[in-house]
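Residue-level structure breakdown
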Amino acid sequence: SGSGKSSFLRLIPRLYDPSEGEILIDGQNIKNVTMESLRSQIAVVTQNPMIFSGTIYENISLGNPNASMTEIEDVCMMADALGFIMDLEDNFQTILGQGGITLSRGQAQRITIARALLGKPKILLLDEPSSALDSNSESILISNLNKLKKNMTILFIVHNLELIKNVDQIIMVHSGKIEDVGSYAQLQSSPSYRAIYVNPEKNDRPHN
């Protein structure tokens, strides 16, 4: 916590710009394209689920108003949301209050993830997407994200290091700077990585 991980993610859709340097996507400076063009390729899931007044269907279809019901059910399955939605009396027509007050935080988070996936973004940014999920939903989500990485670039922040064993690249951040980069296997020789992976309780640095 406090190492700057969320700040790095916010730079990509230009929620703010870096004071130095530049951000490139496919070799192109993101300042050289329109904000609309950039953000149309990106989906963001924050730590705090964003649920709007309306039905579950309306909340998810915001990701792509032209999506078919089959497509919506597919992304709900990937987000491990389909089961609890179908258990509700009105299923997708269940009306939600502002902020999803009728849902648990984990259920609300799964709906926001489904919404993000429905837009089929080229870049998916997830800020601790599994923080509100139980271990089973967490495992399903990470497994499904690994399947999706062929179609999109996925960047996600985690504190649970067990979730990143199969990702392509791990980026360690400390005090606003990238400290180490590599795969799970490559980082086994990194002293800083081993300090938090092997003995996390002995390391109080804001470091993930």
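You'll find the structure just up there.
Scope of this entry: the structure provided in the associated data block. Bear in mind that the values here come from a model prediction, so they are computed numbers and not experimental data. (Residues numbered from 1 in each chain as written. Predicted model: local features only at pLDDT ≥ 70, side-chain atom pairs only at ≥ 80, totals over all residues. Heavy atoms only, no water.)

1. Quick notes on the layout of surface pockets
For the record, the criterion: The pocket and cavity definitions rest on a 1 Å grid over protein atoms only: a 1.4 Å probe that fits but cannot leave marks a cavity, an open set with protein on both sides within 12 Å along at least five of seven lines marks a pocket, and residues lining either have an atom within 4 Å of a point. Grid points are joined across faces, edges and corners, and a volume is the space filled by probe spheres set on the points. Strands here are runs of E lasting at least two residues and helices are runs of H or I lasting at least four, both read from the DSSP assignment and numbered beginning at the N terminus. Polar here means any residue other than Ala, Val, Leu, Ile, Met, Phe, Trp, Tyr, Cys and Pro, which are nonpolar, and Asp, Glu, Lys and Arg, which are charged; Gly is therefore polar.
Of the volumes computed, that of the largest pocket is approximately 970 Å³. Lining the largest pocket we find 32 residues, and of these Ile154, Leu155, Phe156, Gln169 and Ile171 sit closest to its centre. Elements with a minimum of two residues in the lining of the largest pocket: helix 1 (5-11), strand 1 (24-25), helix 7 (135-148), strand 7 (153-157), strand 8 (170-174) and helix 8 (191-197). Considering each element in turn, the lining of the largest pocket owes the most residues, 5 residues, to strand 7. Its residues assigned to classes, the lining of the largest pocket shows 25 nonpolar, 4 polar and 3 charged. Looking at the second largest pocket, its volume works out to about 430 Å³. As for the second largest pocket, its lining consists of 20 residues, and the residues nearest its centre are Ile42, Ala43, Val44, Val45 and Ala116.

2. Side note on the pairing of strand 9 (residues 177-182)
Note on strand geometry: in a regular strand, side chains alternate between the two faces of the sheet. Applicable threshold: Being paired, for any two strands, means DSSP has found at least two bridges between them.
Of the pairings in the sheet, the one linking strand 8 to strand 9 comprises 5 bridges and is antiparallel in character. By the bridge assignment, isoleucine 171 is partnered in strand 9 with valine 181. The turn linking strand 8 back onto strand 9 is made up of 2 residues, and serine 175 within it adopts a positive phi angle of 50°.

3. With respect to the pattern of salt bridges
A side chain of one charge can pair with a side chain of the opposite charge if their charged atoms are brought near each other. Put simply, the rule reads: Only one rule defines a salt bridge in this text: a Lys or Arg side-chain nitrogen within 4 Å of an Asp or Glu carboxyl oxygen. Each residue is assigned to one of three classes by its accessible area relative to the maximum for its type, calculated with a 1.4 Å probe on protein chains only: buried under 20%, partly exposed between the two thresholds, exposed over 50%.
For the structure shown, the criterion picks out 4 salt bridges. With its nearest N and O atoms 2.8 Å apart, the salt bridge here joins aspartate 17 to arginine 14. When its relative accessible area of 35% is taken as the criterion, aspartate 17 is described as partly exposed. Its salt-bridge partner being lysine 120, residue glutamate 71 comes within 3.5 Å of it at the nearest N-O pair. Of the two residues, glutamate 71 sits in helix 4 (residues 69-78) while lysine 120 sits in the loop between helix 6 (105-118) and strand 6 (123-127), which places them 49 residues apart along the sequence. Among the residues examined, glutamate 71 registers a relative accessible area of 28% and is labelled partly exposed.

4. Details of a nonpolar patch on the surface
We count it as follows: Only residues whose relative accessible area exceeds 30% and that take part in no salt bridge are eligible for patches, with like-charged residues grouped when within 9 Å of each other and nonpolar side chains (Val, Leu, Ile, Met, Phe, Trp, Tyr) grouped when within 5 Å. To measure how exposed things are, a 1.4 Å probe is used in the Shrake-Rupley method; for residues, cover is taken only from the protein chains shown.
Residues Met50, Phe52 and Leu62 make up a contiguous nonpolar surface patch of roughly 290 Å² in combined accessible area. Along the chain, the position of methionine 50 falls in the loop between strand 3 (42-45) and strand 4 (54-55). Assessed through its relative accessible area of 48%, methionine 50 is described here as partly exposed.

5. Points about the nonpolar core
As a reminder, the rule being used: As used in this record, nonpolar core signifies buried Ala, Val, Leu, Ile, Met, Phe, Trp, Tyr and Cys residues forming a set joined through side-chain atoms within 4.5 Å.
The biggest cluster of nonpolar side chains holds 42 residues, and the ones touching the most others in it are Ile60, Cys76, Ile85, Phe92, Ile111, Leu124 and Leu145. Considering each element in turn, this core owes the most residues, 7 residues, to helix 6.

6. Remarks on unusual backbone geometry
With phi around 50°, asparagine 91 is a residue other than glycine that occupies positive phi space. Along the chain, the position of asparagine 91 falls in the loop between helix 5 (82-87) and strand 5 (95-96). Phi is positive for lysine 120, close to 45°, though the residue is something other than glycine. Residue class for lysine 120 comes out exposed when judged on its relative accessible area of 59%.

7. Considering helix 7
The condition is simple: The length a helix should cover is 1.5 Å for every residue beyond the first. The arc refers to the directions leading from the helix axis to the C-beta atoms. When checking whether two residues touch, look at their non-hydrogen atoms; a contact exists if any pair is within 4.5 Å.
The end-to-end C-alpha distance of helix 7 is 20 Å, a good match for the 20 Å that 14 residues give at a rise of 1.5 Å each. Among the residues of helix 7, those classed as buried are Ser137, Glu138, Leu141, Ile142, Asn144, Leu145 and Leu148. Along the long axis of helix 7, the arc covered by the buried residues comes to 165°, so they all point the same way. Facing away from the buried surface of helix 7 by more than 90 degrees, the exposed residues are Ser135 and Lys147. For helix 7, the secondary structure elements touched by its buried residues are helix 4, helix 6, strand 6 and strand 7.

Function cannot be read off these values alone, since they describe shape.
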